[in-house]
Amino acid sequence: MSISKKYSIAMFLGIVVGTLTVVGQKYLSIQFNFLANSGAIWLIPAFLISYYGKLSKGHSVAVCVICLLCCVYGYYGFEAVMNRHSVTINFYTMIWTACAFVGGLIGGLGAYLANNGIGFWRLCGLNLLPSVFLAEGITKMIHISAYMHMLPAVIMITAIGIGLYFMMNKKHAFERLNGASLSLVTLLGLCAYEILFWITA
């Protein structure tokens, strides 16, 4: 598959995920509404396109960033259409745009390292996706008083992180170096989510 097709897929999936987020927010029950607006879930298509595409470092980052930007603007565009108002650029739009660039940079580098890294750095890249889910779930648990109404979703997103870890590492999941890489990336992700929580609170 050509590079241009991979970029097109990234754009398409980003718009689809952004659109589905609006639908999920509208129709999911309050217990699971958080899943529709999860940063970790948004990272799945961006990371996997880069990972399975086996792209160069630059293309891996660019594909991830573009996918996440399309998630953001697909969301705000469809939300404006659904609620019949014009698209506006506000504080939250700018915050999520910045997150798309930062998340795309990290996600793209992680996917590249998962394919091309050596030793501990390869494991950090491979464990990026499960770490993001775990970090998001742990952040919600730290601030559980604000998320008590969606406790099932908090438990679910944490369980997804654990499941992804075993799925991606298979028989190597219990190796010490693997566990260390998961812990390190989860800790870094937790710091990022904490910063985001206080910015958007």
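To be clear, the structure that these remarks concern was listed above.
This structure is a prediction, so every number in the text was calculated from the model and none was measured.

About the criteria used
Residues numbered from 1 in each chain as written. Predicted model: local features only at pLDDT ≥ 70, side-chain atom pairs only at ≥ 80, totals over all residues. Heavy atoms only, no water. Helix = DSSP H or I, 4+ residues; strand = E, 2+ residues; numbered from the N terminus. Expected span 1.5 Å × (residues − 1). Buried < 20%, exposed > 50% of the residue type's maximum accessible area, 1.4 Å probe, protein only. Contact = heavy atoms within 4.5 Å. Arc of directions from axis to C-beta. Polar contact = N/O pair within 3.5 Å; in protein donor to acceptor, adjacent residues only side chain to side chain. Phe/Tyr/Trp six-rings, centres within 6.5 Å; stacked < 30°, edge-to-face > 60°. Lys NZ or Arg CZ within 6 Å of the ring centre and 35° of its normal.

(A) Representation of helix α1 (residues 3–27). Counted at 1.5 Å a residue, the expected span for α1 with its 25 residues is 36 Å, and the 36 Å between its end C-alpha atoms agrees. When α1 is considered as a whole, its buried residues turn out to be K6, Y7, A10, G14, V17, G18, T19, T21, V22 and G24. Tucked inside the fold, the buried residues of α1 contact α2 (33–36), α3 (39–53) and α4 (57–82).

(B) A look at helix α9 (residues 151–169). Over its 19 residues, α9 extends 28 Å from the first C-alpha to the last, a length consistent with the 27 Å expected when each residue adds 1.5 Å. Listed as buried for α9 are A153, V154, I157, T158, G161, L164, Y165, M168 and N169. For α9, the angular spread of the buried residues around the axis is 140°, confining them to a single face. Contact partners of the buried residues in α9: α2, α3, α6 (120–126), α7 (128–142), α8 (144–147) and α10 (176–200). Backbone geometry just downstream of α9 places K170 in the positive-phi region, at approximately 50°.

(C) Local environment of the side chain of N127. Within the secondary structure, N127 sits in the loop between α6 and α7. Classification of N127 as buried rests on a relative accessible area of 0%. Engagement of the side chain of N127 in a polar contact is seen with the side chain of S181, the distance being 2.7 Å.

(D) Broad picture of the packing of aromatic side chains. Considering all chains together, one arrives at nine aromatic pairs under this definition. A ring pair is formed by F91 and Y92, whose centres lie 5.3 Å apart and whose planes are at 80°; its orientation type is edge-to-face. Their ring planes at 55° and their centres at 5.4 Å tell us that F166 and F174 sit as a pair that is tilted. A connected cluster of aromatic rings, assembled from ring pairs, spans W42, Y75 and Y76. Above the face of the Y27 ring, K26 is positioned so that its terminal group lies 5.7 Å from the ring centre.

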